[in-house]
Amino acid sequence: MRTCCSSPGGTGLAPLRALVEQVATAPAGRRVTLVVGARTFADLYDPISLDKLQSAHDWLTVVPAFSHDPVAEAGEQGDALTVALDHWRPGQEVYLCGPPLMVAGSRLRLLAGGVPAERIHLPDGFGT
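Source: prediction; values computed, not measured.

**Q** So what's going on with the environment of Gly 78? Residues and values would help.
**A** Locating Gly 78 in the fold gives a position in the loop between strand E3 (60–66) and helix H3 (80–87). Considered as a pair, Gly 78 and Ser 67 are 11 residues apart in the sequence and their alpha carbons are 4.4 Å apart.

**Q** Tell me what's going on with the pairing of E3, and back it up with residues and numbers.
**A** Remark: a regular strand shows side chains that alternate across the two faces of the sheet. Most of E3 sits out of view: 6 of its 7 residues are buried. Pairing of strand E2 (residues 31–38) with E3, which is carried by 7 bridges, proceeds in the parallel orientation. Pairing of Gly 37 across the sheet is with Ala 65, part of E3. The parallel pair E2 and E3, bridged by helix H2 (residues 47–56), forms a crossover whose chirality is right-handed.

**Q** Describe the nonpolar core, with residues and values.
**A** Among the nonpolar cores identified, the biggest contains 17 residues, and Val 20, Leu 34 and Leu 60 are the most heavily contacted of them. Within the residue set of this core, elements represented by two or more residues are helix H1 (13–25), E2, H2 and E3. Apart from the residues within four sequence positions on either side, Leu 60 is in contact with Val 20, Arg 31, Val 32, Leu 34, Leu 53 and Gln 54. If you look at the next biggest cluster of nonpolar residues, it comprises 9 residues, including Trp 88, Leu 110, Ile 120 and Leu 122.

**Q** Tell me what's going on with the pattern of salt bridges, and back it up with residues and numbers.
**A** Tallying each qualifying case throughout the model produces 2 salt bridges. A salt bridge links Arg 109 to Asp 79; the shortest N-O distance between them is 3.2 Å. Here Arg 109 is found in helix H4 (residues 100–112), whereas its partner Asp 79 is found in the loop between E3 and H3, with 30 residues between them in sequence. Given the relative accessible area of 35%, Arg 109 is considered partly exposed. A salt bridge links Arg 119 to Glu 93, with the nearest nitrogen and oxygen atoms 2.5 Å apart. With a gap of 26 residues between them, Arg 119 in the loop between H4 and strand E5 (120–121) and Glu 93 in strand E4 (residues 93–96) connect regions that are remote in the sequence. Judged by its relative accessible area of 12%, Glu 93 falls in the buried class.

Rules behind the numbers
- Residues numbered from 1 in each chain as written.
- Predicted model: local features only at pLDDT ≥ 70, side-chain atom pairs only at ≥ 80, totals over all residues.
- Heavy atoms only, no water.
- Helix = DSSP H or I, 4+ residues; strand = E, 2+ residues; numbered from the N terminus.
- Buried < 20%, exposed > 50% of the residue type's maximum accessible area, 1.4 Å probe, protein only.
- Pairing = 2+ DSSP bridges.
- Right-handed = clockwise from strand over helix to strand, strands pointing away.
- Core = buried A, V, L, I, M, F, W, Y, C linked by side-chain atoms within 4.5 Å.
- Contact = heavy atoms within 4.5 Å.
- Salt bridge = Lys/Arg side-chain N within 4 Å of Asp/Glu carboxyl O.

Take it as geometry only, folks, not as evidence of what the structure does.
Have a look at this one:
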């Protein structure tokens, strides 16, 4: 099973990093795609640590999502949730952390994108 995670900028990255560390202690076989959002590459939160984290785990893929960077690669253009939906496949779980305004509208976007409600995991206070 793959887990697709989304986080805009530095906000929400700590809970998702904790999730990655939890998967690291679990039995092998789970793949994680961590989508980290920022406006531009210059705004990307701690890219060196993200690169080190990905290098340390062969089951982890870090995908940056740039909402306002015209030179970003095609698979990296868009807000974090849009890029996460592009990487999501049936059977995957989606864990989302970020600023309240982004999280508030994410459940409906994920449902509209085909993610079943039981596969959507939002921070406490936003429902499941």
